[in-house]
Amino acid sequence: MSMQKINPAEWDQNAFDAIGKQWFLLTAGTEQNGWNCMTCSWGAVGVLWNKPSVTCYVRHSRHTFGFMEQQDTFTLSFFGEAQRKALAFCGAHSGRDCDKAAEAGLHPMALDAGMSFAEAEFVLICKKRYAADMDIKDIPADAAAAFYGDNDAHKMYIGEIIACYKNVE
């Protein structure tokens, strides 16, 4: 399989399914300087500031957080059902403790200014445009109780989609 660059508007996935049900790997860093991925099921895809954009969230405690802070770009890699176990593994283990990609059976690959995986069906290459810490006291009480009992807040990142790739056979 190989990656073919497409217009972001040609990404034909239902974002509710691709993000909330199928999940994705958020990857930050570079092949030269190191990288890490994490499984995500929260985020958004749309248009912001007249640019195709994504919104994603990373807790300060996650290993990927440091890579997100250091880099200007990140990727979102979307997979088919065949990689469900790999995504579950990457969501349950820290890159501080193991080589998640190798143990999950994924094959990392440099793609433009970021890292992705040969098994990905779609990849969004994103440039950070904005980032802000979420303040737990400003989150609705029910969500704060359900998701932030440990006070481990997320940082929100907004990225402009600067490239989109589709895996073709």
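If you're wondering where the values come from, they're calculated on a predicted model, not measured in any experiment. (Residues numbered from 1 in each chain as written. Predicted model: local features only at pLDDT ≥ 70, side-chain atom pairs only at ≥ 80, totals over all residues. Heavy atoms only, no water.)

Participant: With reference to specific residues and values, describe the overall build of the protein chain.
Facilitator: Helix and strand content of the protein chain: five helices and 10 strands. Radius of gyration (C-alpha) of the protein chain: 15 Å, near the 15 Å computed for a compact globule of 169 residues. In terms of principal-axis extent, the alpha carbons of the protein chain reach across some 50 × 40 × 30 Å. By residue count, 45% of the 169 residues in the protein chain fall in the buried class. Within the structure as shown, the protein chain displays about 8800 Å² of accessible surface, and the carbon and sulfur contribution to it stands at 49%. For the protein chain, the distance from the average site of its 15 positive side-chain charges to the average site of its 21 negative ones is 3 Å. (Helix = DSSP H or I, 4+ residues; strand = E, 2+ residues; numbered from the N terminus. Rg over C-alpha atoms; globule rule 2.2 N^0.38 Å. Buried < 20%, exposed > 50% of the residue type's maximum accessible area, 1.4 Å probe, protein only. Areas by Shrake-Rupley, 256 points an atom, 1.4 Å probe, with all protein chains shown as cover. Lys, Arg positive; Asp, Glu negative; His and termini not counted. Charge placed at Lys NZ, Arg CZ, Asp CG, Glu CD.)

Participant: Break down the layout of surface pockets for me, citing the residues and quoting the values.
Facilitator: The calculated volume of the largest pocket comes to roughly 250 Å³. In this structure, the largest pocket is lined by 13 residues; those nearest its centre are M38, T39, C40, S41 and R62. Every element with two or more residues in the lining of the largest pocket is listed here: β3 (34-40), β5 (51-59) and α3 (84-92). (1 Å grid on protein atoms, 1.4 Å probe; cavity = no way out; pocket = protein on both sides within 12 Å on 5 of 7 lines; lining within 4 Å. Points joined across faces, edges and corners; volume = space filled by probe spheres on them.)

Participant: Quick rundown of the nonpolar core? Include the residues and the values.
Facilitator: Residues L26, M68, F74, L76, F78 and L124 are the most contacted members of the largest nonpolar core, which totals 24 residues. Those elements that provide at least two residues to this core are α1 (15-21), β2 (24-30), β3, β5, α2 (63-70), β6 (73-78), β9 (122-133) and β10 (154-168). For L26, the contacting residues outside a window of four places in its chain are N36, C37, M38, C40, C56, V58, T64, M68, F74, T75 and L76. One finds M3, F117, A163 and Y165 within the second-largest nonpolar core, a separate group that totals 19 residues. (Core = buried A, V, L, I, M, F, W, Y, C linked by side-chain atoms within 4.5 Å. Contact = heavy atoms within 4.5 Å.)

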